[in-house]
Amino acid sequence: MTNRLRLALLCALVSLPSAARAQAALRLDGTCEKLVIGTQDLSSSCSNVLTNAVSRNRTSFDFTTSDGQALSFSGNGAQQEATEETDPLQPINVVTTGKDGAPILAIGACRFSTPEPGRTAITCEASTADGRPFAGTFVTAAKAPAGAPAAAPAR
């Protein structure tokens, strides 16, 4: 790892958002389809709520399980409230596991699917320098742009 990359990752750790400083948080309801923390596949216990929090220029996507485990993907960027109007890629450089877990340097991204009627997928993947994988996929209802006609019900 180059010194430049180490410095960038250190700066990212220093600027991590804390719950007390969060400027905005958005609760997304939907379906958690996948949650992997290292060697553990926690998909079956993943909560059907995803939180997108923003503090200054950092954003995070927080996945939780029914037994209290958590995985947060954090990187530079803006809140993703209207996924139809945002970049399809959110860079990730830190993951945090557990309620009070220490930040772990991991490189990856969160990607946003092209919205379909009634759904948008948010897929986050990152891995550490030693290869530990972290992944989460969440599908939520897509928000229609302001002034757009409502989607017709499926027949």
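In case you missed it, the structure is sitting above this.
In this text the structure is predicted, and so the values were computed from the model without any measurement.

Asks: Just checking my understanding: could you explain the overall build of the protein chain for this structure?
Replies: Summing up its helical and strand segments, the protein chain has one helix and nine strands in all. When its helices and strands are written in sequence order, the protein chain yields α-β-β-β-β-β-β-β-β-β. Residues classed as buried in the protein chain amount to 36% of the 155 residues present.

Asks: Which parts of the structure should I look at to understand the state of the cysteines?
Replies: Linking two cysteines covalently via their sulfur atoms produces the bond known as a disulfide. Taken as a whole and judged by the stated rule, the model has two disulfides. Sulfur-sulfur distance for the disulfide between Cys32 and Cys46 comes to 1.9 Å. Given an S-S torsion of about 85°, the disulfide between Cys32 and Cys46 has right-handed geometry. Within this pair, whereas Cys32 is found in strand S1 (residues 24-37), its partner Cys46 is found in the loop between strand S2 (40-41) and strand S3 (49-55), the two being separated by 14 residues in sequence. Both residues of the pair, Cys32 and Cys46, count as buried.

Asks: Help me understand the nonpolar core in this model?
Replies: Most often, soluble globular proteins have nonpolar side chains that are buried together. The biggest cluster of nonpolar side chains holds 23 residues, and the ones touching the most others in it are Phe61, Phe63, Phe73 and Val95. Mapped onto this core, the elements with two or more residues apiece are S1, strand S4 (58-64), strand S5 (70-76), strand S6 (89-97), strand S7 (103-112), strand S8 (120-127) and strand S9 (133-140). When residues of this core are assigned to their parent elements, the largest contribution, five residues, is made by S1.

Asks: What should I look at first to understand the packing of aromatic side chains in this one?
Replies: Each aromatic ring pair is summarised here by two numbers: the centre-to-centre distance and the angle between the ring planes. Applying the stated rule across the entire model yields two aromatic pairs. Between Phe61 and Phe112, the aromatic rings sit 5.9 Å apart at their centres with planes inclined by 55°, giving tilted as the arrangement. Residue Phe61 is located in strand S4, and its partner Phe112 is located in strand S7; the two are separated by 51 residues in the primary sequence. Given a relative accessible area of 8%, Phe112 falls into the buried group. Consider the rings of Phe63 and Phe73, whose centres lie 5.8 Å apart with planes at 80°: the pair is edge-to-face. Residue Phe63 is found in strand S4, and its partner Phe73 is found in strand S5; the two are separated by ten residues along the sequence. Taken as a pair, Phe63 and Phe73 share a single burial class, namely buried.

Asks: I tried to follow the environment of Cys32 on my own but got confused; where do I start?
Replies: Judged by its relative accessible area of 8%, Cys32 falls in the buried class. For Cys32 and Ile122, which are 90 residues apart along the polypeptide, the C-alpha to C-alpha distance reads 9.6 Å. In this structure, Cys32 is in contact with Cys46, Ser47, Asn48, Phe63, Thr137 and Phe138, ignoring residues within four places of it in sequence.

Asks: Is there a simple way to think about the environment of Ala141 in this case?
Replies: Turning to its location among the elements, Ala141 is positioned in the segment after S9. Spatially, the C-alpha atoms of Ala141 and Gly118 are 4.9 Å apart, while their sequence positions differ by 23 residues. Those residues in contact with Ala141, other than ones at most four positions away along the chain, are Asp29, Gly118 and Arg119.

Asks: Any chance you could explain the pattern of salt bridges here in plain terms?
Replies: When their charged atoms lie close together, side chains carrying opposite charge are able to pair. Within the structure shown, the criterion is met by two salt bridges. Of the charged contacts in the structure, one is a salt bridge between Asp29 and Arg27, with a shortest N-O distance of 3.0 Å. By relative accessible area, Asp29 is classed as partly exposed at 44%. Taking the relative accessible area as the measure of exposure, Arg27 reaches 58% and is therefore exposed. Linking Asp130 and Arg132 is a salt bridge whose minimum nitrogen-to-oxygen distance equals 3.4 Å. Here Arg132 falls in the partly exposed class, since its relative accessible area comes to 37%.

Here is what the cut-offs are and how they apply
- Residues numbered from 1 in each chain as written.
- Predicted model: local features only at pLDDT ≥ 70, side-chain atom pairs only at ≥ 80, totals over all residues.
- Heavy atoms only, no water.
- Helix = DSSP H or I, 4+ residues; strand = E, 2+ residues; numbered from the N terminus.
- Buried < 20%, exposed > 50% of the residue type's maximum accessible area, 1.4 Å probe, protein only.
- Disulfide = S-S within 2.5 Å.
- Core = buried A, V, L, I, M, F, W, Y, C linked by side-chain atoms within 4.5 Å.
- Phe/Tyr/Trp six-rings, centres within 6.5 Å; stacked < 30°, edge-to-face > 60°.
- Contact = heavy atoms within 4.5 Å.
- Salt bridge = Lys/Arg side-chain N within 4 Å of Asp/Glu carboxyl O.

Everything listed here is a matter of geometry and, on its own, says nothing about what the molecule does.
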